[in-house]
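Descriptive analysis of the structure
Spelled out from the first residue to the last, the chains are:
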Amino acid sequence: NAGVTQTPKFRILKIGQSMTLQCAQDMNHNYMYWYRQDPGMGLKLIYYSVGAGITDKGEVPNGYNVSRSTTEDFPLRLELAAPSQTSVYFCASSYSTSGSALEQYFGPGTRLTVT
Amino acid sequence: GENVEQHPSTLSVQEGDSAVIKCTYSDSASNYFPWYKQELGKRPQLIIDIRSNVGEKKDQRIAVTLNKTAKHFSLHITETQPEDSAVYFCAASSVDSGGGADGLTFGKGTHLIIQP
């Protein structure tokens, strides 16, 4: 299993540009998450999904959109990029049923710079 | 929403000594508390977690304690080694009706430095 994969690894955007960060997992996990991590800080939840077709906002959703059309993929869309969105973005997934383990497995991250 | 405070922000200990990192949370509905280790430029990796129906959990040199009444939990690392040097994050979440965690709220992290 490749686990959780993210593309691209690095990206530089100009202010106002848009892009999609890709996230995929091959572990048949039902829950998927997007976090951002600013320098020297903890991770903050952007959006999460409990299954295909279901998404919900986290702590910092403004400026982002998500979709979950398949179990495997959970792309994050940035519209009109702003310097405040410069961050490292981590995707994570977990397989959760009642009473099961709750561990979230993280992807390697995408380092995004908006200038 | 949930708020997680973590202390200290930096902790320097001699190799072989113990390290303790403390976190408090605000939402009494939180019932899942993982600890992650993150090395520079790498992804966070789970080192131990605890649910609110358990007061303490141990895995070799690592232990976590939870006080639900006081809403705080702590990470204890004994016999520290150079490879323990990293940033450690505590987090809190509640388990939803589907049995999964509805997203983690993280503390700001503790930079643990092991002095040789």
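Residues numbered from 1 in each chain as written. Chains lettered and ligands numbered in written order. Predicted model: local features only at pLDDT ≥ 70, side-chain atom pairs only at ≥ 80, totals over all residues. Heavy atoms only, no water.

1. Some remarks on the sheet that holds strand S7 (residues 64–66) of chain A
Residues and elements named next belong to chain A. Overall, antiparallel pairing links the four strands, which are arranged S1-S3-S8-S7 in an open sheet. Each having just a single partner strand, strand S1 (4–7) and S7 make up the two edges of the open sheet. Geometrically, the sheet is characterised by an average inter-axis angle of 20 degrees between neighbouring strands, direction not taken into account. (Pairing = 2+ DSSP bridges. Helix = DSSP H or I, 4+ residues; strand = E, 2+ residues; numbered from the N terminus. Axes fitted to C-alpha atoms, helices over the stretch in contact; angles between N-to-C directions.)

2. Considering the nonpolar core
By size, the foremost hydrophobic cluster in this structure holds 23 residues, and its most contacted members are B:Tyr25, B:Phe33, B:Trp35, B:Phe73, B:Leu75, B:Tyr88 and B:Leu112. Only strand S2 (10–14), strand S3 (19–25), strand S4 (32–38), strand S5 (45–51), strand S7 (62–67), strand S8 (72–77), strand S9 (86–92) and strand S11 (110–115) of chain B provide two or more residues apiece to this core. Excluding residues that lie within four positions of it along the chain, B:Tyr25 makes contacts with B:Glu2, B:Asn3, B:Val4, B:Ser30, B:Phe33, B:Leu66, B:Asn67, B:Lys68, B:Lys71, B:His72, B:Phe73 and B:Ala92. Within the second largest apolar cluster, 19 residues are counted, among which are A:Met19, A:Met32, A:Leu76 and A:Cys91. (Core = buried A, V, L, I, M, F, W, Y, C linked by side-chain atoms within 4.5 Å. Buried < 20%, exposed > 50% of the residue type's maximum accessible area, 1.4 Å probe, protein only. Contact = heavy atoms within 4.5 Å.)

3. Looking at the sheet that holds S7(B)
Strand pairing within a sheet occurs via backbone hydrogen bonds; the two strands may be parallel or antiparallel. Residues and elements named next belong to chain B. The antiparallel open sheet is built from five strands, whose spatial order is S1-S3-S8-S7-S6. Either end of the sheet is taken by a strand with one partner, and the two such strands are strand S1 (4–7) and strand S6 (56–59). Mean inter-strand twist for the sheet, computed between neighbouring axes without regard to direction, equals 15 degrees. The sheet contact formed by S3 and S8 spans six bridges and is antiparallel. Bridging across to S8, Ile-21 finds its partner in Leu-75.

4. Examining the pairing of S5(B)
All names here are of chain B. Pairing of S4 with S5, which is carried by six bridges, proceeds in the antiparallel orientation. Note that in S5 the partner of Tyr-36 across the bridge is Leu-46. A loop of six residues connects S4 with S5, the two strands running antiparallel in sequence, and Gly-41 in this loop sits at a positive phi of about 75 degrees.

5. Points about the pattern of salt bridges
Counting across every chain of the model gives five salt bridges over all chains. Salt-bridge contacts for A:Glu79 lead to A:Arg77; the nearest nitrogen and oxygen are separated by 3.1 Å. (Salt bridge = Lys/Arg side-chain N within 4 Å of Asp/Glu carboxyl O.)

6. A short note on the environment of A:Cys91
Residue and element names in this part refer to chain A. For Cys-91, the location among the structural elements is in strand S9 (residues 87–94). Here the alpha-carbon distance between Cys-91 and Phe-106, two residues 15 residues apart in the chain, equals 5.8 Å. Non-local contacts of Cys-91, meaning those with residues more than four positions away in its chain, are made with Val-4, Gln-6, Cys-23, Met-32, Tyr-33, Trp-34, Tyr-105, Phe-106 and Gly-107.

7. Some details on unusual backbone geometry
Residue A:Pro8 is reached from A:Thr7 by a cis peptide bond, and omega for that bond is -5 degrees. Cis geometry marks the peptide bond from B:His7 to B:Pro8, where omega comes out at -5 degrees. Locating B:Pro8 in the fold gives a position in the loop between S1 and S2. Within the chain, A:Asn28 stands out as a residue other than glycine whose phi angle is a positive 60 degrees. By the secondary structure assignment, A:Asn28 is in the loop between strand S3 (19–25) and strand S4 (31–37).

Interpretation note: all reported values are geometric properties and have no functional meaning in isolation.
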